[in-house]
Amino acid sequence: MDYKNKIILAPMVRVSTLPVRLLALEYGADIVFTEELVDWKLLAAVRQVNKSLGTVDYVDPADGTVILRTCEEERSRVVLQMGTCDAERALQVGRKFENDVAGIDINMGCPKEFSIKGGMGAALLQQPDKVKDILTTLVKGVRVPVTCKIRLLASDAETLSFCRMVESCGVAALTVHGRTRHERPRHPVHEDAIRRVAEALTIPVIANGGSRHIQCRADAEAFRERCGTSGVMLARAAMWNLSVFRTEGPLEMDTVITRLLELCVRYHHPFTQAKYTVQQMLRELQETPRGKRFLAAQTLEEICAIWGLGGACRAAIGPPTSPDGRPLSKRPRLDDGVEPGHRAFVRGHYTPEQLPKTLLHAWSVRHGLPLPSYQLEFSDKLFRAVCTVKERRYASLWEKNKKFAEQGSALTCCLCLGIGGLPTDIGLVSPVSAGQPVSAGQPVSAVTGSGDGHTSQKDISGGTTNGRHGPETDPQRCAVGLEERTVGQDRPVKGTGEQNDASVMVEKGATEMTQDGARVEGEATQNGESAAAECERKTNGFAPAGQLVGGV
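Residues numbered from 1 in each chain as written. Predicted model: local features only at pLDDT ≥ 70, side-chain atom pairs only at ≥ 80, totals over all residues. Heavy atoms only, no water.

Student: It is not clear to me how the overall build of the protein chain should be interpreted in this structure. Could you clarify?
Tutor: Across its full length, the protein chain carries 18 helices and 22 strands. Counting all 552 residues of the protein chain, 59% fall into the buried class. When contacts within the protein chain are restricted to residue pairs at least 6 apart in sequence, those whose partners lie at least 24 apart make up 68%. Counting only carbon and sulfur atoms, one obtains 48% of the accessible surface of the protein chain, whose full area is about 21,900 Å². (Helix = DSSP H or I, 4+ residues; strand = E, 2+ residues; numbered from the N terminus. Buried < 20%, exposed > 50% of the residue type's maximum accessible area, 1.4 Å probe, protein only. Contact = heavy atoms within 4.5 Å. Areas by Shrake-Rupley, 256 points an atom, 1.4 Å probe, with all protein chains shown as cover.)

Student: What is the right way to read the sheet that holds strand S6 (residues 66-71) from this model?
Tutor: In any sheet, the strands associate via hydrogen bonds between backbone groups, in a parallel or an antiparallel arrangement. Overall, antiparallel pairing links the three strands, which are arranged S4-S5-S6 in an open sheet. Two strands in the sheet have a free side with no partner beyond their single neighbour: strand S4 (46-50) and S6. In this sheet, neighbouring strand axes are inclined to one another by 20 degrees on average, regardless of whether the strands run parallel or antiparallel. The pairing of strand S5 (residues 55-59) with S6 spans five bridges and is classified as antiparallel. Bridge assignment links Val56 to a residue of S6, and that residue is Thr70. Docked against the sheet, helix H1 (residues 18-27) engages S5 and S6, running at close to 30 degrees with respect to S6. (Pairing = 2+ DSSP bridges. Axes fitted to C-alpha atoms, helices over the stretch in contact; angles between N-to-C directions.)

Student: Can you help me understand the pairing of S4 in this one?
Tutor: For a regular strand, side chains alternate in direction, first toward one face of the sheet and then toward the other. With five bridges joining them, S4 and S5 adopt antiparallel strand pairing. Residue Gln48 lies in a different strand from S5, and its bridge partner there is Asp57. Joining the antiparallel neighbours S4 and S5 is a turn of four residues, in which Gly54 adopts a positive phi near 70 degrees.

Student: How should I be thinking about the packing of aromatic side chains in this particular structure?
Tutor: The relation between two aromatic rings is expressed through the spacing of the ring centres and the mutual angle of the planes. Using the criterion set out here, one finds five aromatic pairs in the structure. With a centroid separation of 5.2 Å and an interplanar angle of 80 degrees, the aromatic rings of Phe345 and Phe404 are classed as edge-to-face. With a gap of 59 residues between them, Phe345 in the loop between strand S13 (338-339) and helix H15 (356-366) and Phe404 in helix H16 (residues 402-417) connect regions that are remote in the sequence. Ring centres 4.8 Å apart and planes at 55 degrees place the aromatic pair Phe378 and Phe383 in the tilted group. The exposure classification of Phe378 matches that of Phe383, with both residues buried. Following the ring pairs from residue to residue traces out a cluster consisting of Phe345, Tyr350 and Phe404. Over the face of the ring belonging to Tyr267 we find Arg266, whose NZ or CZ atom lies 4.2 Å from the ring centre. Geometry around Tyr374 places Lys357 over its ring, the cationic atom sitting 4.8 Å from the centre. (Phe/Tyr/Trp six-rings, centres within 6.5 Å; stacked < 30°, edge-to-face > 60°. Lys NZ or Arg CZ within 6 Å of the ring centre and 35° of its normal.)

Student: I tried to follow helix H8 (residues 217-227) on my own but got confused; where do I start?
Tutor: Because the α-helix completes a turn every 3.6 residues, residues three or four places apart line up on one side. When we look at burial in H8, the residues that qualify are Arg217, Ala220, Phe223, Arg224 and Cys227. On an axial view of H8, the arc spanned by its buried residues comes to 115 degrees, and they lie on one face. Residues Ala218 and Glu225 are exposed on H8 and point more than 90 degrees away from its buried face. Buried residues along H8 sit in contact with strand S1 (7-9), helix H7 (191-200), strand S11 (205-208) and strand S12 (231-234). Just downstream of H8 lies Gly228, where phi reads positive at about 65 degrees. (Arc of directions from axis to C-beta.)

Student: Hey, could you run me through the sheet that holds strand S16 (residues 392-395) in this one?
Tutor: Taken in spatial order, the four strands of this open sheet run S13-S16-S15-S14, and their pairing is mixed. Pairing within the sheet leaves two strands with one partner each, and these edge strands are S13 and strand S14 (373-379). Here S13 runs beside S16; their pairing, made up of two bridges, is parallel. By the bridge assignment for S16, Glu339 is matched with Tyr394. Where H16 meets the sheet, its contacts fall on S13, S14, strand S15 (382-389) and S16, and the angle it forms with S15 comes to roughly 40 degrees.

Student: What's the story with the environment of Trp398 in this structure? I'm lost.
Tutor: Tracing the backbone through its elements, the reader meets Trp398 in the loop between S16 and H16. Take Trp398: its relative accessible area is 5%, and that puts it in the buried class. Between the alpha carbons of Trp398 and Lys381 there is a distance of 9.4 Å; along the sequence they are 17 residues apart.

Student: How should the nonpolar core be read in this particular structure?
Tutor: One finds Met108, Leu135, Leu174, Leu242 and Phe245 to be the most contacted residues of the largest nonpolar core, which totals 118 residues. Counting residues per element, this core draws most heavily on helix H10 (residues 253-266), at eight residues. Ignoring anything within four residues of it in the chain, the contact list for Met108 reads Gly121, Ala122, Leu124, Leu125, Val131, Leu135, Cys148, Lys149, Ile150, Arg151 and Phe162. One finds Leu360, Trp363, Tyr394 and Leu411 within the second-largest nonpolar core, a separate group that totals 18 residues. (Core = buried A, V, L, I, M, F, W, Y, C linked by side-chain atoms within 4.5 Å.)

Student: How should I be thinking about the pattern of salt bridges in this particular structure?
Tutor: Side-chain pairing between opposite charges can occur once the charged atoms of the two side chains come close. Throughout the structure, instances matching the rule amount to 20 salt bridges. Between Arg384 and Glu377 there is a salt bridge, with the nearest N and O atoms lying 3.0 Å from each other. Here Arg384 falls in the buried class, since its relative accessible area comes to 6%. One network of salt bridges, with partners in common, ties together Glu26, Arg259 and Glu262. (Salt bridge = Lys/Arg side-chain N within 4 Å of Asp/Glu carboxyl O.)

Student: What exactly am I supposed to notice about the environment of Phe383 here?
Tutor: Tracing the sequence through the fold places Phe383 in strand S15. Each C-alpha atom of the pair Phe383 and Phe404 lies 8.4 Å from the other, and the pair is 21 residues apart in sequence.

Student: Quick question: what am I supposed to make of the packing of helix H11 (residues 271-282) against helix H12 (residues 289-296) here?
Tutor: Where H11 meets H12, the axes come as close as 11 Å, and the angle between the chain directions of the two elements is 160 degrees. Classed by the angle they form, the pair H11 and H12 counts as roughly antiparallel. As H11 runs across H12, the sense of the crossing is left-handed. Here Lys275, Val278, Gln279 and Leu282 of H11 come into contact with H12, specifically with Phe294, Leu295 and Ala296. Residue composition of the contact of H11 with H12, by class: five nonpolar, one polar and one charged. (Parallel < 35°, antiparallel > 145°, perpendicular 65-115°, else oblique. Left-handed = near helix turned anticlockwise from the far one by under 90°. Nonpolar A, V, L, I, M, F, W, Y, C, P; charged D, E, K, R; others polar.)

This is the structure in structure tokens:
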């Protein structure tokens, strides 16, 4: 594979998955990278040919999770990015995957704590001997091109010395992110430093880190020319609008999201990953009424319904199975008499005074009842809580952390008992209709309560609320930390979602495991927009892509 004069989709954790990669290629990307995957996880994965989807899946044998899904359409243009700190493991991974990818890239630029503590990512910049061992071992041992992606070192001299050493290992190309390990998206990209690297090497150098000023393909080419490189790699500019690769110019956001969801349905993409990707595309539009419907969605079908694809999703995706037909999940069923969860707990919908646990606690005290108790279950990396009040039990849906699960069970209890104080605009299901199917796009009833056991209903616009299981997973919600960005700022203002716990309780409290946050290399900013665009945004919830990508 030739890396000269190419425009490339960057490796982005939880974003650079099969539907995103295929859509990037469809819009004009020359090469696409997978998200970074750690060598240990890749070595443990089992290769399976998924005949029903026409894909090759690498599956975690422990829980059936698909670690990497690829297909013939991208075979000649997809690069596997690996996180590693060991030459022998890297070689084993390379030989295992070389028949299914067009190239292998070593991540030496990720500045996140997870990578650094594992001796991977940017930690390798301080270990040139180890880097040389990894790269030379791979270059000699695999049949596909080997590349690596780095950040700038503290000085030009150190950077150039490191890059010349990398070139001497026989790599096919080198990607340079124009910031140091300690710099973040708000800092300017050092285009001059990238240029000096490109001038010093004979192999193709790929410029990365300029998304702040890239709205379209022409902007990407201008960034490449300023850096004097052979190619350009796009991270957040592509994440915000994949049609940035189009030579004809970007498309409207709804068009891009609709096409992405079609690919998610086609390849049975996990709900949580699909939701996370669309969240990154919507950004501040998550605060619109339509965006809040999206945040409340709990299955891929519900998300698709917002963009008019609910029926297609329902027809295309059956019960989730692994490639060999075995069920992916066998989560424990609720005991008889337990009220099932109605809706996921979305932290951004509640003020501190409206939190279900707070309301339920106050209600119990006011009525002289014992305080609610909570029991947690853990299965397939998700949590479910059961709240007991007045000898009745109320369950949550399966959530990404235990705090959300407890709030979800308290929410179910508040709905069933008619406890007042909950927000009235979050698309909740009334206790009467909680067990009844609701078709995609059908309005649902929000519940308000007087606190005396009586409920009233308010008709609002929402997604499907039936609690049916979605593709790949049970009714999960994407409990990821969200950033709300305001016009004219390029830094987070507040979170619309609550970050997962640094550690989560594993089944029966036996052990704990650390969850690393999702990470994406790149940079973000937003420029001001016209009053007309703001009016359209408030009316429809979405604006044309030309206004959305301004200043990206």
